[in-house]
Every structure is written in C-alpha cells, then in structure tokens.
Amino acid sequence: MESSPAPTGIGSPDLGGRTLKEAEPRNPRWWDLASDGTKRRRSRSHPDSAWNGSAAAAASGLPVGAEGRGFAEAMLPFTVNFKVSARTLTGALNAHNKAAVDWGWQGLIAYGCHSLVVVIDSNTAQTLQVLEKHKADVVKVKWARENYHHNIGSPYSLRLASADVNGKIIVWDVAAGVAQCEIQEHAKPIQDVQWLWNQDASRDLLLAIHPPNYIVLWNADTGTKLWKKSYADNILSFSFDPFDPSHLTLLTSEGIVFISDFSPAKPPSGPGKKVYISSPHSSPAHNKLAAATGAKKALNKVKILITQEKPSAEFITLNDCLQLAYLPSKRNHMLLLYPREILILDLEVNQTVGVIAIERTGVPFLQVIPCFQRDGLFCLHENGCITLRVRRSYNSIFTTSNEEPDPDPVQELTYDLRSQCDAIRVTKTVRPFSMVCCPINENAAALVVSDGRVMIWELKSAVCNRSSRNSSSGVSPLYSPVSFCGIPVGVLQNKLPDLSLDNMIGQSAIAGEEHPKSPVLQEVHLRFLLTGLLSGLPSPQFAIRMCPPLTTKNIKVYQPLLAVGTGNGSVLVYHLTSGLLHKELSVHSCEVKGIEWTSLTGFLSFATSTPNNMGLVRNELQLVDLPTGRSIAFRGERGNDESPIEMIKVSHLKQYLAVVFKDKPLELWDVRTCTILREMSKNFPAVTALEWSPSHNLKSLRKKQLATREAMARQTVVSDTELSVVESSVISLLQEAESKSELSQNISAREHFVFTDNDGQVYHLTVEGNSVKDSARIPPDVQMVSSLRSGRNVTFRILDVDWCTSDKVILASDDGCIRVLEMSMKSTCFRMDEQELTEPVWCPYLLIPRASLALKAFLLHQPWNGQYSLDISHVDYPENEEIKNLLQEQLNSLSNDIKKLLLDPEFTLLQRCLLVSRLYGDESELHFWTVAAHYLHSSSPRSPAVGEASPRDKVNNPLDICYDILCENAYFQKFQLERVNLQEVKRSTYDHTRKCTDQLLLLGQTDRAVQLLLETSADNQHYYCDSLKACLVTTVTSSGPSQSTIKLVATNMIANGKLAEGVQLLCLIDKAADACRYLQTYGEWNRAAWLAKVRLNSEECADVLKRWVDHLCSPQVNQKSKALLVLLSLGCFYSVAETLHSMRYFDRAALFVEACLKYGVIQVTEDTEKLISAIYADYARSLKNLGFKQGAVLFASKAGAAGSDLLKELESPKLERTEE
C-alpha cells in the first residue's frame, strides 16, 4: 500500500490517511506517534484496523473521557489505513509482450504489459512496481545479474533493462521508479537483450540485437555505444556459453552462427562460424520413418542435423527452431527446441546426442529452460502445462579407468518426465505466453498468460515408500541429496526444507550405481504446487466508479473501493490501497455501461442488451449490496423493449436517482424505497450531461424537526437561549446524517441537479420529495485545471474517468489498465519503499545500502551474545528507529523453514553463508560458498566423514558437474569418458569418428582409438594416414629413441601451427604436462585445464591450474573471482584468504578464515596470524562503517593487536556514558 503525497488535512474530504489534527512524518509506516512520543506498532494482520478514540486514550494513559476534549490537546493516534497514491492496475497483455518476462536473482519477476513494465514479488505474488515511460509495447525485460561482490560502494540494487517495439531500451532503478538511462539505435523492435555478467571490471554492459542484423554493446550506465557489428543473416536471438563467456551463439533466420572471440573490449572479428540446421522433419531419414511405430524409433535414426553446407533446396523448410540455449549443467552442450522435440547437441562433435520427443497425441512445446544445479529441463507446453524432465542415470559413468569399458555403453541421453503442473483452459484470447524459472533455487517456475495472469508453481519433494514404487515404468528412481548446503546430511536429520533443486534431488549420475545402503538416501517424488496467482483486470470495455469520499463521519469504516463494470456483465470491486481484487460479482447478462454508489456498501449498475431492428433494448438496472453480494432489479418489471439507458446519477445525499434515456424523457427515482417519483413529460429537453449539486437543506430540516419535537414535548415556545442547546444536540444527531438508516425516516431533503441539452444550455432543477421545480438557467463558468490528450505522448485511449480523492483522478484506458493519477494527470512511477503492502515481502534490496548489508551481517554472525535470535531490537545499532523497524519487518517476513534453520545451533557457518547468499540472490557468493563448503569439508582433518568411508564419500558426494573444471579429477575423468562413449555411439560421419578418436587418445583410451582408426574405409582420402596412426598408437613404447623422435615431431608440429596434432602425440608418450604447457603458451587455457584434469596426477595438475590462476588474475583478463574458485578446488585455502583480502572482500575473507579455522585447514602460525588479524581488523572497520557496533567489537577483539586501537575507539563512548 503506497503513501500519498501530503494530503489536504481535516477540512478536505480526503484525509489521506493522516493522524487527525496532526502532521505525519514523510514516510508514513505501520506505526503511529503516541502522546508520549513513542512509536506504537499497529497490528500487521489487520490492515484496516484503526484505533478508536477511547482505546487510544486508554493506551496513552489518559482518562477514557479525554478523547472528547479534542484531538489536538490529547495528541491521540488515530490513523486509518486508506492511503491511495498514484498506481496502475494492469490487465491483459499484448501479443508483443509474449517474451517480455524475466525472473531476477533479486527474487522479483518483471513482465511487460503493453507499454508498462510490471514488477511482482515471487513469494507473495503482489505487485510492487509499475514502470511507465515506454511509448510503445515492451518486447523484452532483463534484470541485471548479481554476480559481483556487494559492499557500500556497489550495493544490492534493483536494475532492470526493458526494450520496446520502437527500438528504445530503458534502464531502470526499479526501487525509485526512475529511468537511469535511455538507449536508442534504430526504430525497430529489439530482438534480444542480455547483461554481461562474467568479468569483474564492469557491471554496466548490455548486449542487444537491433534488427535486422546488428549486435550492439552498450554501457547501460551512460548510454554510450561501445561497439556495433553486423552479420549476413537476420538475427533472432543469442545465447552465451555459461562456461566460456567469449563464446556467443546467434540463432539466425537460416541457421546458427558461432562466435568464439566475443569480448567487451572490441567487436568480434570476422563473420563467425556459420552452420545450418535442417529441421528434424525435413531430414530424409525422418520422412521415410514417419510410419514407424513410436516417436522414439524414428528419432533414433535422425542423423546429423548440423551441416557446414547449406541444405539442398528440396529440404529447406522454414526454420522452425523456436529456441536455442546452452546447457548450464555441463560444458559444450546446447539444446535446440522444436515444436515436437528437443535436441541436445554436443558441440565438440556437432552431433545430436539426445532427443526428447513428444508422442503424436502429446501437446507441442513452446519454451524450455535448462537447469544449472541438476541436468534437468523446465518445459512449457502449448496448453500452459509446465513439466520438469531430469536426465536418467547410467552406470557407465562409474566404470573406473582400469576396468573394462561397459560392453553396451549409454545409447542416448534420456530425460524422464518427473513432474507436471495443471494445464490452463486455452481459448482464442487466453493462451500461455512465456515461462520463467527462479535462477537462484531452480525449484519454481512462473507462467505468464495472455489475459494478464501470472501463476507461480513451486516444486515440492516428498519422500516415497520404496515398496510402492512402480518398477515397470522404467524410470530410474530419484534420490534425496547426500548433502545439504554443501555438507553431508546426518542420519537423524529430519526432512529438510525444499530450499533449492539441488537440496531436493541428488545428482543423476550417482543414482545409476548401486547405492550404498544408507538410511540417508531416500527416494523422492516431485510435484508442482500453485503457490502464487496474480490476476489482471478483465479486457476492456470498462465502466469505473469510485466509492463515496472519506468524511469525518465514515472514517471508522471507510475503505477506498473502486467498482469496475466489465464487458461480460460482472462488476469487480478493487481495494485501491493494496490494488487487490476485493470482490467479483456477476450482476448482468450483458456489458455494464455505468455504476453509481448508493452508500459505502452498495451500488447501482446498469447494462443494455444489443438493440433490435427498432433500436429498442432490454435495460437492466440492479441494486447490489456489497457485503452479501445480493442484487435486486431496481426498476422492477420495467426495462424490456425500451430506449437504452444513457446514464444514471445518484444525488449527493443518496436520496434520488436520475435515469437518463437515449430517446425517452428522464426518470426520477427514490433510492431508499426503489419507487419512481416522477417521469418527465414528452417535451422535456434531451439530456446530454447531468450532475447533482452537493448543496441541500438537510441541516435546516433537521433543526426544524428537532425544534418542533422539543416544543411539542415541553409545549412551550423555544427561546433563543435554548436554541443553542438544541443546536449542540442537533450536531450530535447529524453525525450519521448520510447513512441510509437516518434517511429512511421519510425526511426528504431538497437537492439540486444541473443538466445540459443538445444546444449546450445549462438547466438547474430542484427536487424535494416528488416535486421537481425548474430554476433559472445558469451561465457556465469553468476554468480548466489540467488536460490529457491521447496522441504522441499518451499511447492509450480513455474509456472512463472518475475522481478518486479530492486530489487524484482515475482513468480507465483501452490498453486494459486503470491508472490512479495526480491532478496534473502526468503518469508517474512510485518509490517502492513508500508502498504499503498487504503481506510483508522479503526483499533486502529495498533497504538503504547500509541497512541491507547490516542485516546480512546480523544473519551471518548468529549467534550474537552467545544466543540465536532473529530479534534485531536488542542489537546496538545506532541508525534511526525507523530503519531498525524496517530491518525487523524484513526478518519477520522470512518463512518459518528458513527461520528454523537460522536459529538451529547445528547449522554450521558454511551452511549459513550459503543460505544467506540464496536469500540475497547473490550469485557470486552462492558459487564461492558452494565450492568452498565442498572442498573445506572434503579436505578437512576434522571432517566427521573421515572416520567412516572417506574415499567412498568423495565418490558419492562429488561437486556437481555444472562446476566443470572445479570438480574432483576422478569424477571429471569419469564424466568425460561417459561423454565420449555417447559421442562414439552417436557418430554418423567420418568427421565425427575422427573427433571421437582424438578425444579417446587424449583421455588415454588407446585400444578404442585404434579400433576407430581401423574403421576408415579404403576409399577415404585419410585411409593411409589413419592406418599409420593406428600402427603408431599400438607400437608406442617407452624406449628412449622413439620417445625423443616423437617429442621432436610434436614440437615441430606445434611450431608450425598444428597445435592439436602435436598435443596428441605428446599425450601418446605420456608427456601430457608438456602438452598442457604448450596449450597455455598458445592461449588455450581451458583446453589445458581440461587435459590436466583428465591425464595428470594431482601435483602436476595443480601446477597447470596454478599457472591458469596467475593468468586469470592478470589485469588484462581480470577474472579474479574465477581464479578464487580454481584455488578453492586445489585446496589452496591460505592463498584464497590472501586473494580475498587483496581484493578488499573483507566480509567474505573474515567468514572464510573463520570456517578454515573451524575445519583446521589453516594452522595459526606467526605468518598466518598476521594475515588473519589484518582480515579481522579490516572487517571490523567495515562493520563500524555500517553502524553495526556489536559486530565491529566482536571482530576487533578477534583481531588481537591489529584491532586494539579500533576496539578502544568503539568502547570509548560506552565509558563516557557510564561516567555521566
């Protein structure tokens, strides 16, 4: 719920939610100033709770009668929650908005709705922000990545880029609701846009596709163009390789373009490597097999789909590839999405290694999102159903290198359907648009539907009974993970919360081997649960009407409700403080044309059917009671075959109703009794506009009536002195003058209305009871305050308009939105921290930078004072009270599962760091702590697993393969062997076979390599070479002369540009370490690291990787964060601490050193002591800058001599206070 600008005070009908007779602080919150100056929190559970006078008097220690002496003297808190500030209610989406949705690491979902960008919270499905500045439909939105170290200089911020049909890109500061930067290149729709996340230098770089064929790199902070590059074909979308950011792939109208030299510094050179994809249905193999039974048989035969040559004309079909994406779970794999199948390609051999096909009767795919934490795919189908498929496990990955290879290796990458959610009802106007997946936890997906609905589906895991499993399904079971937040799960631990996908299911690869008989490994089932639903406004046309205004008399019951009449005959009532739907009432059978409120709890609405050939219609006029939803026909039997109603207007005191018809005289009705008072004569002028005047004679009537009663009671003439007494009692009696119950006592006050006719004449009429008197004509005297014209700056047409409060208007427009605007009618975004929400939202990004970092420190360093607590009030935090309250509100909004973990004494420091990085959506911390937790645990002399089967534990709980080069060597080798097995099975051309041979030789699988070399047919031009190579491989001995000859040949080859061949020869004679050195010299760092992992012993491998670390830390590469992860995987923990300190990552360094000391991997010696103290002292200083004194004292005392000065400085104010 948002706060309104300073309202007008008690004299205005719009009290704007402020304390009566008392100014309110700039940011009104959920607490009020009591008479003793303390802040009192109101109940969060009941947003509309208001303190009544006597309760407030009692609370402030005043006598209960004190409220009668006026609010000013008693300073009573009397705040009612009815703020209405500028906001936009959004409705159905436009076809251009189809792909404009993104779920950020910040935990928020943004999507395009016409030219607006809507931001919602993924946990509570509440609208947090609506951004309005685009002049055209939004086609893409992208959140900035949080892959950097956060501190005061680079705080947690909500940055979003949105692009529209006219080629404009706007970069937003979402929390403040302001555009930071606007970018324009061409006036054509942006095809794709992506933030660069990989290098440590700049976080402001944005890559965009400007049609038809340009990619442009922008600095999104300044709006400057860094470079621009054009390609031959029209570019549809692009995808970065998550393992190597210099690799970019473009999906073009004809095929795929691979770019291998992407760099922020300069545009890619050359046109890139272009390959063509023939659609699976156009390949000849497919056409012949269409009649074969089962999609699987047919698809097993689909041969190569990627070719260097352009496909022949007869097989060219329109490229129906819907999407291209790299798999983030394993290197060099890409998926191509077609309506009826997903192809998994291995880019090392340009070969399809897996096909996920839909049976003939199945529902086609729309979109797929590959997961990072597990090898799984979220798929969206055309009926709005989201499915999760997880890769099936195989035994072959665990054939160790000295065993015989599996005689029947893996035939196919199979992804089994593990869970699916309910489909939606698809109609001509309602269809699924797009899906996004939570990037932090990968256990939830949001579906955006064309009618403006956003459905949030969360994955839940349930442990299932092994005996109940259906073994005939052929689907391997899923097991719960062996570790939680990086640390093996204890046998007695309860079922852990479903924090993320990798906490819910174990790695696919492990499930294939016979599982160790352990009670920890439980079989799990996954299911989708709908946890959030946001529904938009119905599609226009609209009729809108705001409820009667706030007055001092209805202040206790007032709610700012807006009634919206829709095209299908229903009336929706929205609560404008929260923007949420209050009630939906089905009232009419045709389009609602107008609404008038008769009280705060009831309204009249009318609808007219389509005219017959005589122009007559059926008029429906219903009186609706809001609390019960009951509606009655107001005009009784009238309404069939008559002239259509044009408008209805209820008088100011809600006594009379004027009904205006198109070709029939006006009718006047009594609202209280539902009876007709007067039907005007035939010669009555035609009404074009009508309005009731707020002036009436109710007060004088009351006085007369009261005076008469009193006179009758005393049977005396009223003297002047007694009149004043009468007046005071009249005032108290008039308190409820506008409520229906008072008016029903048959007092008919006199009211006035004015109307204009076709000639523009203004008539003034007076109504009293059933008499209507004509008064004089009024000359118009109007002054325009502000205007809004549809056109260049306003992209929508206005359908209806009404006053919201005395200083705000409501517009309903044809883009399906309803806007509450300031009097100037300029559309504005609001600040998110000024919003009042019905449910609290966990989003530390909304706090000021110092507060969000202090909150993080508070969560990380539990327990403070030796006890676990989520109550921040006892912490010595000198910021103002309001910020402390906001921090407490954030802590309260955490889910119970997470609170339980944070307060659990068994929950280790490493697990806490991992959990907090997930809560904050901090990408760089999440990766750092995942790798750190794994290697600290596995290399610790104090690790609990050491006493048991330590080597077994390492095999069963390796680091996930999505971390690639950072995995343990043995696990990495097995994965590479499985991969080459698959490539071997799938090869279909000589080219593939040659690539497989090369891989096998590098992996040391010489026998299988020889078999493949001997397969070369005699008419192949490489027949002679391959035969000789086979002989060479089999006869290589370790005798001196042959070794030196081969080494000489290899070095000559490398010198003459044949690097790959030379490296292969060096690997044959077990000189892989030299091969790695050559690869590094020629800049092939990733290849060298790969070779070192698969061929070298751990010492030699560590040497190669350390050289790589030095390269990554060099200024021209500037990838220190990646270097840190490599050092962690090598177990160089002291170097990691040193590097973190040199990078000024003091918080991460201090926590890491604490964890290392706990695990005993860093010994405290004279040398290490110096670094540890320096880290602690620097961290204490940074906590002091955050204003977090308690934390600063804690770390300053740990820092020993280095922190002694700081400690004195921190404790000195305390001494002064005690002296006083």
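All figures in this text were calculated on a predicted structure; none of them were measured in a lab.

Calculation rules
- Residues numbered from 1 in each chain as written.
- Predicted model: local features only at pLDDT ≥ 70, side-chain atom pairs only at ≥ 80, totals over all residues.
- Heavy atoms only, no water.
- Helix = DSSP H or I, 4+ residues; strand = E, 2+ residues; numbered from the N terminus.
- Buried < 20%, exposed > 50% of the residue type's maximum accessible area, 1.4 Å probe, protein only.
- Contact = heavy atoms within 4.5 Å.
- Areas by Shrake-Rupley, 256 points an atom, 1.4 Å probe, with all protein chains shown as cover.
- Pairing = 2+ DSSP bridges.
- Axes fitted to C-alpha atoms, helices over the stretch in contact; angles between N-to-C directions.
- Salt bridge = Lys/Arg side-chain N within 4 Å of Asp/Glu carboxyl O.
- Expected span 1.5 Å × (residues − 1).
- Arc of directions from axis to C-beta.
- Parallel < 35°, antiparallel > 145°, perpendicular 65-115°, else oblique.
- Left-handed = near helix turned anticlockwise from the far one by under 90°.
- Core = buried A, V, L, I, M, F, W, Y, C linked by side-chain atoms within 4.5 Å.
- Phe/Tyr/Trp six-rings, centres within 6.5 Å; stacked < 30°, edge-to-face > 60°.
- pLDDT = per-residue confidence, 0-100.

Counting its secondary structure elements, the protein chain contains 30 helices and 53 strands. Put simply, the protein chain has 1220 residues, and 55% of those count as buried. Of the contacts made within the protein chain by residues no fewer than 6 positions apart, 58% connect residues no fewer than 24 positions apart. Accessible area of the protein chain: about 52400 Å², with a carbon and sulfur share of 52%.

The subject of this paragraph is the side chain of Gln 890. Tracing the backbone shows Gln 890 in helix H11 (residues 881-892). Beyond its immediate stretch of four places on either side in the chain, Gln 890 contacts Val 841, Trp 842, Cys 843, Pro 844, Leu 847 and Leu 855.

The subject of this paragraph is the sheet that holds strand E35 (residues 543-546). Adjacent strands of a sheet form backbone hydrogen bonds with each other and so pair up, either parallel or antiparallel. Strand order in the open sheet formed by four strands is E35-E36-E37-E38, with antiparallel pairing between adjacent strands. Every interior strand has two partners, whereas the edge strands, E35 and strand E38 (580-586), have only one. Here the strands of the sheet are splayed against their neighbours by 20 degrees on average, with no regard to which way each runs. Looking at chain direction, strand E36 (residues 561-565) and strand E37 (residues 570-575) are connected through five bridges and run antiparallel. Looking at E37, one finds that Leu 561 is bridged to His 575.

Right, let's talk about the pairing of strand E16 (residues 235-240) for a bit. Most of E16 is tucked away: five of the six residues are buried. Bridge count for E16 against strand E17 (residues 248-252) is five bridges, and the pairing is antiparallel. In the sheet register, Ser 239 faces E17, and the bridge partner there is Thr 249.

Take the pattern of salt bridges next. A full pass over the atoms with the stated rule returns 48 salt bridges. The shortest N-O distance in the salt bridge between Asp 802 and Arg 545 comes to 3.6 Å. Of this pair, Asp 802 sits in strand E51 (residues 798-805) while Arg 545 sits in strand E35, and the two are 257 residues apart along the sequence. You'll find Asp 802 and Arg 545 in the same group, each marked buried. A salt bridge links Lys 856 to Glu 925; its shortest N-O distance comes to 3.4 Å. Remark: Glu 925 occurs in helix H14 (residues 923-938) and Lys 856 occurs in helix H10 (residues 849-860); sequence separation between them is 69 residues. We note that Lys 856, like Glu 925, is buried. Through salt bridges with shared partners, one network takes in Arg 635, Arg 638, Glu 642, Lys 664, Glu 667 and Glu 679.

Over its 16 residues, helix H24 (residues 1098-1113) extends 22 Å from the first C-alpha to the last, a length consistent with the 22 Å expected when each residue adds 1.5 Å. When H24 is considered as a whole, its buried residues turn out to be Cys 1101, Ala 1102, Val 1104, Leu 1105, Trp 1108, Val 1109 and Leu 1112. Buried residues along H24 cover an arc of 165 degrees about the axis, so they all sit on one side. Exposed residues lying more than 90 degrees from the buried face of H24 are Glu 1099 and Asp 1110. Tucked into the core, H24 has its buried residues touching helix H16 (969-986), helix H22 (1072-1081), helix H23 (1085-1095) and helix H25 (1120-1130).

Attention now moves to the packing of helix H28 (residues 1166-1185) against helix H29 (residues 1189-1198). Look at H28 against H29: their axes get within 8 Å of each other, and the N-to-C directions meet at 165 degrees. Between H28 and H29, the interaxial angle falls into the category roughly antiparallel. Every pair of crossing elements has a handedness; the one defined by H28 and H29 is left-handed. Packed against H28, whose contacting residues are Tyr 1176, Tyr 1179, Ala 1180, Leu 1183 and Lys 1184, the element H29 presents Gly 1191, Ala 1192, Phe 1195, Ala 1196 and Lys 1198 at the interface.

Spatially, four strands are ordered E47-E48-E49-E50 in an open sheet, and the strand pairing comes out antiparallel. The open sheet is flanked by strand E47 (689-696) and strand E50 (771-774), the only strands paired with a single partner. Across the sheet, the mean angle separating the axes of adjacent strands is 25 degrees when strand polarity is ignored. Relative to strand E49 (residues 762-768), strand E48 (residues 751-756) is paired through six bridges, and the arrangement is antiparallel.

Let us now look at the nonpolar core. One broad rule of soluble globular proteins: the nonpolar side chains tend to lie buried together. Judged by nonpolar contacts, the single largest core of 179 residues is most densely connected at Tyr 111, Val 174, Phe 928, Trp 929, Leu 1091, Leu 1128 and Phe 1152. The element that contributes the greatest number of residues to this core is helix H27 (residues 1146-1159), accounting for nine residues. Those residues in contact with Phe 1152 that lie beyond four places of it in its chain are Phe 928, Trp 929, Ala 932, Leu 936, Leu 1128, Phe 1133, Val 1136, Ala 1137 and Leu 1140. Residues Met 546, Val 571, Phe 603 and Ile 810 belong to the second largest nonpolar core, which totals 32 residues.

A few words now on the packing of aromatic side chains. The geometry of an aromatic ring pair is captured by two quantities: the separation of the ring centres and the angle between the planes. Scanning the entire structure with this criterion turns up 21 aromatic pairs. Residues Phe 240 and Phe 262 carry aromatic rings whose centres are separated by 5.0 Å and whose planes lie at 75 degrees to one another, so their mutual orientation is edge-to-face. Linking Phe 240 in strand E16 with Phe 262 in the loop between strand E18 (255-259) and strand E19 (273-277), this pair joins segments that are 22 residues apart in sequence. Per residue, the accessibility class of Phe 240 equals that of Phe 262, and both read buried.

The pLDDT averaged across the protein chain works out to 78; a share of 78% of its residues lies at or above 70. This model gives residues 943-955 a pLDDT under 50, and the stretch forms 13 contacts once residues within four places in sequence are excluded. In this model residues 1215-1220 is a low-confidence stretch, pLDDT under 50, and it forms one contact with partners more than four residues away in sequence or in other chains.

Positionally, Arg 750 belongs in the loop between helix H9 (740-743) and E48. Residue class for Arg 750 comes out partly exposed when judged on its relative accessible area of 33%. With 53 residues separating them along the chain, Arg 750 and Asn 697 place their C-alpha atoms 5.6 Å apart. Beyond its immediate sequence surroundings of up to four residues, Arg 750 is in contact with Ser 695, His 696, Asn 697, Thr 766, Val 767 and Glu 768.

Right, let's get into the environment of Ile 961. In this fold, Ile 961 is placed in the loop between helix H15 (950-956) and H16. As a C-alpha pair, Ile 961 and Phe 972 span eleven residues in sequence and 7.5 Å in three-dimensional space. The contacts of Ile 961, once residues within four sequence positions are left out, are Ser 329, Gln 507, Cys 967, Tyr 971, Phe 972 and Phe 975.

Burial within strand E52 (residues 808-813) is extensive, with six of its six residues counted as buried. Burial along E52 is two-sided: Lys 808, Ile 810 and Ala 812 and Val 809, Leu 811 and Ser 813, pointing in opposite directions, are all buried. Of the strand pairs in this sheet, E51 and E52 are connected by six bridges, and their pairing is antiparallel. Of the residues in E52, the one forming a bridge with Ile 798 is Ser 813.

Attention shifts here to unusual backbone geometry. Going from Pro 211 to Pro 212, the amide bond is cis rather than trans, its omega being 0 degrees. Residue Gln 541 is bonded to the preceding Pro 540 through a cis peptide linkage, with omega at 20 degrees. In this fold, Gln 541 is placed in the loop between strand E34 (524-534) and E35. Phi at Cys 674 takes a positive value of approximately 55 degrees, unusual for a residue other than glycine. Relative accessible area serves as the criterion here: at 25%, Cys 674 is assigned to the partly exposed category. Phi is positive for Asp 1070, which is not a glycine, with a value near 55 degrees. Structurally, Asp 1070 is set in the loop between helix H21 (1059-1068) and H22.

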